[in-house]
Amino acid sequence: MTHVLSDLLLLASVPDPGVGTPPPGSEKLLTALGWAAWIVTGVCVAGVMGVAARMALVHHRGEGGRHAAGLAWVMAACVLLGSASSLVGALLS
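Residues numbered from 1 in each chain as written. Predicted model: local features only at pLDDT ≥ 70, side-chain atom pairs only at ≥ 80, totals over all residues. Heavy atoms only, no water.

S.K.: A description of the overall build of the chain should follow, citing residues and the corresponding values.
M.R.: Per the secondary structure count, the chain includes four helices and zero strands. Of the regular secondary structure in the chain, the N- to C-terminal order runs α-α-α-α. Taking all 93 residues of the chain together, the buried fraction comes to 10%. (Helix = DSSP H or I, 4+ residues; strand = E, 2+ residues; numbered from the N terminus. Buried < 20%, exposed > 50% of the residue type's maximum accessible area, 1.4 Å probe, protein only.)

Structure representation (structure tokens):
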């Protein structure tokens, strides 16, 4: 069990680019990536809220289930966002 847990923690860690020195201007790149992560997270939250609002508006007609596919797509995007650094780390190693 501890072996599986350590593997999961390894996959969840941020990829290490190596022991070299970062190139000039890398601080700006990290700042831009941080901004992009916050913006995309906000868009995902807004997407979930939008689907929930549409489901609430059409609930009286019994069509709330039609939006379940939209919610599934938004949640898939949230999972992809949350696992982005792990996916990149797995591809680089």
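There is more to say after this.
S.K.: Tell me about helix 2 (residues 26-57), residues and numbers included.
M.R.: The end-to-end C-alpha distance of helix 2 is 46 Å, a good match for the 46 Å that 32 residues give at a rise of 1.5 Å each. Burial in helix 2 covers these residues: Ser 26, Cys 44 and Val 51. Contacts from the buried residues of helix 2 go to helix 3 (68-82). (Expected span 1.5 Å × (residues − 1). Contact = heavy atoms within 4.5 Å.)

S.K.: Talk me through a nonpolar patch on the surface; I want residue IDs and the actual numbers.
M.R.: A contiguous nonpolar surface patch, about 320 Å² in accessible area, is contributed by Leu 29, Leu 30 and Leu 33. By the element assignment, Leu 30 lies in helix 2. (Patch = residues over 30% accessible without salt bridge, like charges linked within 9 Å, V, L, I, M, F, W, Y side chains within 5 Å. Areas by Shrake-Rupley, 256 points an atom, 1.4 Å probe, with all protein chains shown as cover. Salt bridge = Lys/Arg side-chain N within 4 Å of Asp/Glu carboxyl O.)

S.K.: Can you tell me about the packing of helix 2 against helix 3, naming the residues and giving the values?
M.R.: Axis separation between helix 2 and helix 3 bottoms out at 9 Å; the angle between their running directions is 160 degrees. As the angle between them shows, helix 2 and helix 3 are arranged roughly antiparallel. Considering how the two elements wind past one another, helix 2 and helix 3 form a crossing that is left-handed. Touching Val 40, Thr 41, Cys 44, Gly 47, Val 48 and Val 51 of helix 2 are Gly 70, Leu 71, Val 74, Met 75, Ala 77, Cys 78 and Leu 81, all from helix 3. Class assignment of the residues belonging to the contact of helix 2 with helix 3 gives a composition of 10 nonpolar, three polar and no charged. (Axes fitted to C-alpha atoms, helices over the stretch in contact; angles between N-to-C directions. Parallel < 35°, antiparallel > 145°, perpendicular 65-115°, else oblique. Left-handed = near helix turned anticlockwise from the far one by under 90°. Nonpolar A, V, L, I, M, F, W, Y, C, P; charged D, E, K, R; others polar.)

S.K.: Pulling in residues and values, what's your account of the confidence of the model for the chain?
M.R.: Averaged over all residues, the pLDDT of the chain is 75; the fraction at 70 or higher stands at 73%. Mean pLDDT per element in the chain: helix 1 (residues 2-12) is the minimum at 55, and helix 2 is the maximum at 84. (pLDDT = per-residue confidence, 0-100.)

S.K.: Run through the environment of Arg 66, naming residues and quoting values.
M.R.: Relative to the elements of secondary structure, Arg 66 occurs in the loop between helix 2 and helix 3. Assessed through its relative accessible area of 62%, Arg 66 is described here as exposed. For Arg 66 and Arg 54, which are 12 residues apart along the polypeptide, the C-alpha to C-alpha distance reads 9.9 Å.

S.K.: Summarise the state of the cysteines; cite the residues concerned and give the values.
M.R.: Per the stated rule, a full pass over the model turns up zero disulfides. Lacking any disulfide linkage, Cys 44 is separated from the closest cysteine sulfur, that of Cys 78, by 3.7 Å. Given the relative accessible area of 23%, Cys 78 is considered partly exposed. (Disulfide = S-S within 2.5 Å.)

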